[in-house]
Amino acid sequence: MIKRMVLIGVWLMAALASYSCTNEFTWEEPPKWKPSPKPDPTSYDVTMEALLDEMVSFDAATRFPEWPYTCRQESSHDRRSQTPGTPEWFANDDGWGYIRDEVNSGRAERVIFEEEGPGVITRIWVTSFQSPTTVIRFYFDGATTPSWEIPSFDVQEICASLGTEWRSTVLRKGFAQPGDTWIRGSSLYLPIPYGNGCKITLEEQDNTLVNPSRYYQINFRRYDESVAVETFSKEVLERTRDRILEVNRTLLNPSVKMSGRVVSGSRTLAPGESLVLDLPEGTRAVTQTKCSISCDDDVYAEVMDGILFTATFDGMRTVAAPMSDFSGAGPGAEAVKSWFLTADGSGSVESRWMMPYQREGSLEIRNTSETHTVQVELSARVDAYEWDSRSLYFHAARKVSPDVRIIFWNDYANGYDWNFATIEGGRGVLRGDLFSINNQTSQWPGEGDEKIWVDDEDFPSHFGTGVEDYYSFCGYFRYLYPFGGEPRLDAGNFNGFNNHYRQRSLDGIPFNSRLKFDLEMEGHEAGRADIVNTVFWYGDLETRAKGFE
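Residues numbered from 1 in each chain as written. Predicted model: local features only at pLDDT ≥ 70, side-chain atom pairs only at ≥ 80, totals over all residues. Heavy atoms only, no water.

So, the overall build of the chain
Then, in step 1: Looking only at helices and strands, the chain features nine helices and 35 strands.
Then, in step 2: The C-alpha atoms of the chain give 23 Å as radius of gyration, which agrees with the globular expectation for 549 residues (24 Å, within 12%).
Then, in step 3: Here the chain holds 549 residues, and 60% of them are scored as buried.
Then, in step 4: Counting only contacts in the chain whose residues sit at least 6 apart along the sequence, the fraction spanning at least 24 positions is 78%.
Then, in step 5: As presented, the chain carries roughly 21000 Å² of accessible surface, and 49% of it is formed by carbon and sulfur atoms. (Helix = DSSP H or I, 4+ residues; strand = E, 2+ residues; numbered from the N terminus. Rg over C-alpha atoms; globule rule 2.2 N^0.38 Å. Buried < 20%, exposed > 50% of the residue type's maximum accessible area, 1.4 Å probe, protein only. Contact = heavy atoms within 4.5 Å. Areas by Shrake-Rupley, 256 points an atom, 1.4 Å probe, with all protein chains shown as cover.)

Here it is in structure tokens:
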């Protein structure tokens, strides 16, 4: 990141309380990583270096993919789920879905992933129940012998063969989540590119287990055959080791220090009043937004839910969500530390969603409370932005769904898909979501699978295995990681609020005209729940989430 000039801090202290602007400085995109030795730039369109750069580039998130791809997911979902409208569509034995069994070099292996052509695996989630001796093998580019091996059903061990340093420092927490010691599940965000196909298998080495369940989700990009992708290897990892370390640190400490113009204001807002920031005109982007809300502790949750944050760009409102939800926390406005959002749980929220516009823009904080007067401060850092044919606007919207029916997980005949979100009206890339469920039962309410349909698909390209797997294990404890977390858990039996967020970097889902996101409402006990959910995406100006505020 470009370092802000030393004088900017002095200037800001002297800024007017209601509105202030620094001098505008020249903005430059952070320099790209230059590996040593540098691969022939004409050899590959997609390299590990390019993927790592994209992973932590806020600018790249604002643009439709440079090399077009479709984002897909392979999972262990119940393979009886074939036809919408039938009871089997909601079949929920999700731990035994796989492609086929085969024998390789005398080993009985179960194929869980198989792709031809160029692509990149962007996220792997597995549950780590039973048998740590289960081996995961990767076969790249049509090879009949494995090119990579994980000696455990735990993707945090992806680099175990490279030594202690890789296992303890290079990937931990940033790339490998949810943590070092949690044994119920693990997720990996280290990109795994391949030039001409990839197959992943499991081998069960504990003969005392009879057909054990293996829950997994594998998100991946499928590129056109014309795209040249450099295949994952030990040599690639060793070449990019320093860059991986740097990205890992950045993911865990995503501070933004950019030059540019700061627009800020503060005001005491009575019920119904607003604070508006008019942004500098021209082709620009908001790179950082900060908001601070001051109120009494006993009304904090209510106030944060009543502070509506909106953004309008080029004549169209693209963002509308209470600050509690825009922060990524949901009702209660607890603390969040993620890649795009940070909140301290006491009224301070920092957004790193880059928000580009071509001509003009404004941000507004509105106090929708009928009784509370609050003190608010709002600032936005604005830089120059290079608008091109791939540029998209930032969108965020919230939906409130009271008294939603939850069915018992194996009551297939009464199963149904609840629409999490439908975004339509143009191109876009899904970048994140927040799911808050106020559960009125005393059992886990998130057994249902997600189903994401892109454009004109006749079968969802993403068919999941439950809320806990979609959010990289929610339940049992609070956790905050760059791409997934649970900022609120009211009770160990899941009664009350269960708030979960997911943010997408390399696993963002592009769509050309429409994205439909359904979620089965299934739990371990039939009952009711109140749901609040928010979606974050980049899209053409006219894209909208149906039924949202």
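There's plenty left to go through after this.
Quick word on the pattern of salt bridges
Then, in step 1: As enumerated under the stated definition, the model contains 38 salt bridges in all.
Then, in step 2: Here Arg239 ties to Glu49 by a salt bridge, and the two come within 2.6 Å at their closest N and O atoms. Residue Arg239 is located in helix H5 (residues 234–239), and its partner Glu49 is located in helix H2 (residues 48–55); the two are separated by 190 residues in the primary sequence. Take Arg239 and Glu49: they sit in the same class, and that class is buried.
Then, in step 3: With its nearest N and O atoms 3.4 Å apart, the salt bridge here joins Glu157 to Arg172. You can see Glu157 sitting in the loop between strand S6 (148–150) and helix H4 (164–170) and its partner Arg172 sitting in the loop between H4 and strand S7 (176–177), a full 15 residues away along the chain. With respect to class, Glu157 is no different from Arg172; both count as buried.
Then, in step 4: Salt bridges linked by common partners bring Arg107, Glu109, Arg137, Glu149 and Glu203 together as one network. (Salt bridge = Lys/Arg side-chain N within 4 Å of Asp/Glu carboxyl O.)

As for the pairing of strand S1 (residues 69–75)
Then, in step 1: Among the seven residues of S1, five are classified as buried, and the element is accordingly described as predominantly covered.
Then, in step 2: Sheet topology note: the S1/strand S11 (residues 216–223) ladder contains seven bridges and is antiparallel. Within S11, the position partnered with Glu74 by the bridge is Ile218. (Pairing = 2+ DSSP bridges.)

Quick word on the pairing of strand S23 (residues 393–408)
Then, in step 1: Relative to S23, strand S16 (residues 316–322) runs parallel, the two being bridged by two bridges. Residue Val319 lies in a different strand from S23, and its bridge partner there is Ala396.
Then, in step 2: Where S23 lies against strand S34 (residues 527–539), 12 bridges are found, and the strand directions are antiparallel. Bridge pairing links Ile406 to Gly527 in S34.
Then, in step 3: Judged from the two bridges that link them, S23 and strand S33 (residues 522–523) form a sheet pairing that is parallel. Paired with Phe408 across the two strands is Gly523, which belongs to S33.

Points about the side chain of Thr318
Then, in step 1: The residue Thr318 is located in strand S16 in this model.
Then, in step 2: A residue is classified by how much of its surface remains accessible, and Thr318, at 5% relative accessible area, is buried.
Then, in step 3: Reaching out from Thr318, the side chain makes a polar contact with the backbone oxygen of Phe394 at a distance of 2.8 Å. (Polar contact = N/O pair within 3.5 Å; in protein donor to acceptor, adjacent residues only side chain to side chain.)

A look at unusual backbone geometry
Then, in step 1: Within the chain, Asp141 stands out as a residue other than glycine whose phi angle is a positive 55°.
Then, in step 2: Note on placement: Asp141 falls in the loop between strand S5 (135–140) and S6.
Then, in step 3: Phi at Asp403 takes a positive value of approximately 55°, unusual for a residue other than glycine.
Then, in step 4: Within the element layout of this structure, Asp403 appears in strand S23.
Then, in step 5: For Asp403, a relative accessible area of 44% corresponds to the partly exposed category.

Observations concerning the packing of aromatic side chains
Then, in step 1: Across all of its chains, the model carries 35 aromatic pairs by this definition.
Then, in step 2: With a centroid separation of 4.7 Å and an interplanar angle of 40°, the aromatic rings of Phe309 and Phe326 are classed as tilted. Pair noted here: Phe309 is in strand S15 (residues 307–313) and Phe326 is in helix H8 (residues 323–326), with a separation of 17 residues, a long-range link. Take Phe309 and Phe326: they sit in the same class, and that class is buried.
Then, in step 3: Counting every residue linked through ring pairs, the aromatic cluster contains Phe58, Phe309, Phe326, Trp339, Phe340, Trp353, Phe394, Phe536 and Tyr538.
Then, in step 4: Positioned above the aromatic ring of Tyr139, the side-chain terminus of Lys199 is 4.7 Å from the ring centre. (Phe/Tyr/Trp six-rings, centres within 6.5 Å; stacked < 30°, edge-to-face > 60°. Lys NZ or Arg CZ within 6 Å of the ring centre and 35° of its normal.)

Considering the sheet that holds strand S3 (residues 107–115)
Then, in step 1: Spatially, the five strands line up as an open sheet ordered S2-S3-S10-S5-S6, and their pairing is antiparallel. Edge positions in the sheet fall to strand S2 (100–104) and S6, since each of these pairs with one other strand and no more. Sheet twist, expressed as the mean angle between neighbouring strand axes with direction ignored, is 30°.
Then, in step 2: As paired strands, S2 and S3 are joined by five bridges and run antiparallel to one another. Along S3, the bridge assignment pairs Val103 with Ala108. (Axes fitted to C-alpha atoms, helices over the stretch in contact; angles between N-to-C directions.)

As for the sheet that holds strand S24 (residues 417–424)
Then, in step 1: Within the open sheet, the five strands sit side by side as S27-S26-S32-S24-S35. Their pairing is antiparallel. Whereas interior strands pair on both sides, the edge strands pair on one side only; in this sheet they are strand S27 (462–463) and strand S35 (544–545).
Then, in step 2: Direction of pairing for strand S26 (residues 450–454) relative to strand S32 (residues 514–520): antiparallel, over a ladder of five bridges. Residue pairing across strands places Lys451 opposite Asp518, the latter belonging to S32.

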